[in-house]
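Each chain is listed here by its residues.
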Amino acid sequence: MDTGAASVSDEVMAKTLGGGAMMRKKKRPRPGDDDGKKKKQKPNDPPLAPTPAPPAGAPRAPDGSLDAPPKLSLKLLEAKKVWLTLKDVQGLVLWILGQELPPRWAFLERAHLIPHVMVVALNSLSLPVWTQHGSNAMPFLSSLLDPVAADPLSPSPNHTPFYHVPTRLHTSTRDMRKDAFLAEFFKKEGRKKKQQPPPQLQPQGTAAVLAGHLKATADAAEKKPEEDKQQPAAAPSAPTVPAEAKPQPGKSPAKPAGGEAGAGAPAVGGRPAVAIPDICAQRAFEMLADFVASEDQLQEHGFMLTRIGDAFEADYVSTVPAAELNRELTDRERIVCLDCEMCLTKNGHELTRISLVDWKGAVLYDELVRPEAEITDYLTQFSGITPAMLTNVTTRLRDVQNHLLTNNIFSETLILGHSLENDMKALRLIHTNIVDTTILYPHFQGPPYKSALRYLTNKYLNRSVQGARNASGGVVPGHDSVQDAIAALDLVKLKLAGGPAFGVPGKQQTEPVLKLIQGRSCVVDNIYSIRKIPLKGCSCDAVPVMNDADAVKKAAKSSVKGKFCFVHLHELEGYFDAIEWDEDHEAADDTVLKKILAGLDESVKQLYHAAPPDTLFCFLSGQSNGVAGGDQVDTDPEALLKGWDNARQGTLFIGLKQSKPPRET
């Protein structure tokens, strides 16, 4: 028997069967332990000395260790962003100080080590101003962008440069008031509430939405004579648009027989068209009072409200009360629905057809119109108008205006329609009692976006317009103004049945950003701007100041107390406001501007030095004006839109304060 083999077998058996000492894993020694064993504290032993903290200003540990400083890097290409918005900056702040998800455009290592976040609004420091004067007039801010040149002896881990990124406001061009960016930054958009059907309606489909009103229609049908009720009902079929319904050369367009709402509009995809509730004109007139567009809505959608300026020069006419014409409003004049078709002339888009229907869908007025200027494009694919249709037409715009103002439309009349601002411009008509389906059924993205009439009719009425088939099966080119007017009318009736919430996308819920920040925050600004910031229910100190010097002083003190500080500097903005309407501002000396920029740079320097190390700084231009953006705001519409667009463009300087401050160039 081989003893050597036996000893090897015994050793293998011992390992396999689990000798305790062999199978146990050896503990890793901890820092301060002797020979891998933790030193126990005896009652009579002196207390263990704590690990001393590194002295202030000492170099931080390199990246990868537990004591490494925070590090910011931008990933704009990965996030497919050409510029950033204030919502992007807001999301980064709430990720650091709140409970938001990390943004895709930025990566921040060890974000929990950031002690303070400071957002400094430098209004009117636009990209053109910075490119032309920034590097020379603002040396300290320039040094933050190029820290290697500012302090070449500092090791690279402690040298995280600031990033310079263009920004753009999402504020509507029609809402570029002073400090409009404050509402965009200090309000957090939450999830949209789901569109809830009205309580009295059933959520089984669009047709069931009208259950209550259809019952009223059925009750009214019971009051008809018995012989009418005994007649068998005809099977429903998808109506078609006959060829003779289109306007003939030299004649007014044919009126649909019976004038029933929805006539001539086929159902979509085999789905039955939605039954429209039967509401009397008097009751509808009272209900529609809650849906008339406000003056602000009319201005936002481009309606002409007064006969001054462009309206006076373009010979606009205004509706007058019926009493001035010794008339009493009838049901056919209380509510009308309007649609127009236009062709392109040398003077722009001009009226070529007008259709007017009453509340029941009966045609009141349907006329072809010859424009004053020569037609350059009939736009048949959109208007349905051909050269042959206007061959013998002699009706002019002035004739249409005289007829409407004396027979159909008075100042008390409610005009219904879709995108009526275009129709009113074509008619050169000023009227304020407007019910527009683009307002009743707003686009889910909000203004200036609008839903097309074809989309709304398909979605809510299960009908198709602007492309119906004629008797031979072919598609009728272009729009039919009578069909479009009836479609808009039925959408309004459906809105009355469903209530104000029907057809409105889920509203965006907002809550104050300062309420979501975990920790004390501070807002330093003038009293007028502070009033525009939502502070209710927030643990925030609102510090009103009189000038930039006072703002810097107060903000420097708050940086060592709270977690977040917003400071708004206005001196540069005031400079551009003073010269905004000065025609000679381009020829003015830049000495004053450079002096203001130097003072702004000194304010940035003081705020930077007062903050603790690893503070995240966001120097953003907030909101510019036309002059700061590179153009003077003018009364010309194109120049005004360009000035608005410039005002939305800005710039952002973002980065972390180094443990060792940069040296000025």
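Residues numbered from 1 in each chain as written. Predicted model: local features only at pLDDT ≥ 70, side-chain atom pairs only at ≥ 80, totals over all residues. Heavy atoms only, no water.

**With respect to helix 19 (residues 481–498)**
A rise of 1.5 Å per residue sets the reference length of helix 19, with its 18 residues, at 26 Å; its end C-alpha atoms lie 26 Å apart and thus fit the reference within 8%. When you tally the buried positions in helix 19, you get 18 out of 18 residues, the bulk of the element. The distance from a side-chain oxygen at the start of helix 19 to the backbone nitrogen of V482 is 3.0 Å, and the residue carrying that oxygen is D480. Within two residues after helix 19, G499 carries a phi angle of roughly 95°, on the positive side. (Helix = DSSP H or I, 4+ residues; strand = E, 2+ residues; numbered from the N terminus. Expected span 1.5 Å × (residues − 1). Buried < 20%, exposed > 50% of the residue type's maximum accessible area, 1.4 Å probe, protein only. Polar contact = N/O pair within 3.5 Å; in protein donor to acceptor, adjacent residues only side chain to side chain.)

**Some thoughts on the environment of L453**
As for its placement among the helices and strands, L453 is situated in helix 18 (residues 453–461). The spacing of L453 and H418 is 35 residues in sequence and 6.8 Å in space, taken between C-alpha atoms.

**Let's talk about the nonpolar core**
Ranked by internal contacts, the top residues of the largest apolar core, which has 42 residues, are W105, L514, F564, F566, L616 and I654. Leave out the neighbours within four places in its chain, and W105 touches L74, K75, L76, A79, K81, L84, D88, V89, L92 and I654. Among the nonpolar cores identified, the runner-up in size contains 37 residues, and L122, L597, F617 and F619 belong to it. (Core = buried A, V, L, I, M, F, W, Y, C linked by side-chain atoms within 4.5 Å. Contact = heavy atoms within 4.5 Å.)

**Details of the confidence of the model for the protein chain**
Mean pLDDT over the protein chain: 74, with 63% of residues reaching 70 or higher. In the model, residues 171–177 has pLDDT below 50 throughout and makes 15 contacts with residues more than four positions away in sequence or in other chains. (pLDDT = per-residue confidence, 0-100.)

**Some details on the pattern of salt bridges**
Scanning the model with the defined rule gives 13 salt bridges in all. Residue K81 is joined to D88 by a salt bridge in which the shortest nitrogen-to-oxygen separation is 3.2 Å. Using a relative accessible area of 12% as the deciding quantity, one classes D88 as buried. Here D358 and R332 are joined by a salt bridge, their closest N and O atoms 3.0 Å apart. Separated by 26 residues along the polypeptide, D358 in strand 8 (residues 348–358) and R332 in helix 13 (residues 331–334) bring together distant segments of the chain. Under the relative-accessibility criterion, R332 is labelled partly exposed at 42%. Salt bridges sharing common partners tie together R353, D366 and D480. (Salt bridge = Lys/Arg side-chain N within 4 Å of Asp/Glu carboxyl O.)

**Examining the packing of aromatic side chains**
Each aromatic ring pair is characterised by the separation of its centres together with the angle its planes make. This structure, assessed with the given rule, holds 13 aromatic pairs. Between F185 and F186, the aromatic rings sit 5.1 Å apart at their centres with planes inclined by 85°, giving edge-to-face as the arrangement. Judged by centre distance (5.4 Å) and plane angle (25°), the rings of Y608 and F617 are stacked. The exposure class of Y608 is buried, given its relative accessible area of 0%. Each member of the aromatic cluster is reached from another via a ring pair, and the members are F140, F162, Y608, F617 and F619. Positioned above the aromatic ring of W359, the side-chain terminus of K493 is 5.0 Å from the ring centre. (Phe/Tyr/Trp six-rings, centres within 6.5 Å; stacked < 30°, edge-to-face > 60°. Lys NZ or Arg CZ within 6 Å of the ring centre and 35° of its normal.)

**Description of helix 18**
Among all positions in helix 18, only L453, L456, T457, Y460 and L461 are buried. Seen end-on, helix 18 carries its buried residues on one side only, within an arc spanning 100°. Where helix 18 is buried, its residues touch helix 17 (437–440) and helix 19. Looking one or two places after helix 18, you find N462, whose phi comes out positive at around 55°. (Arc of directions from axis to C-beta.)

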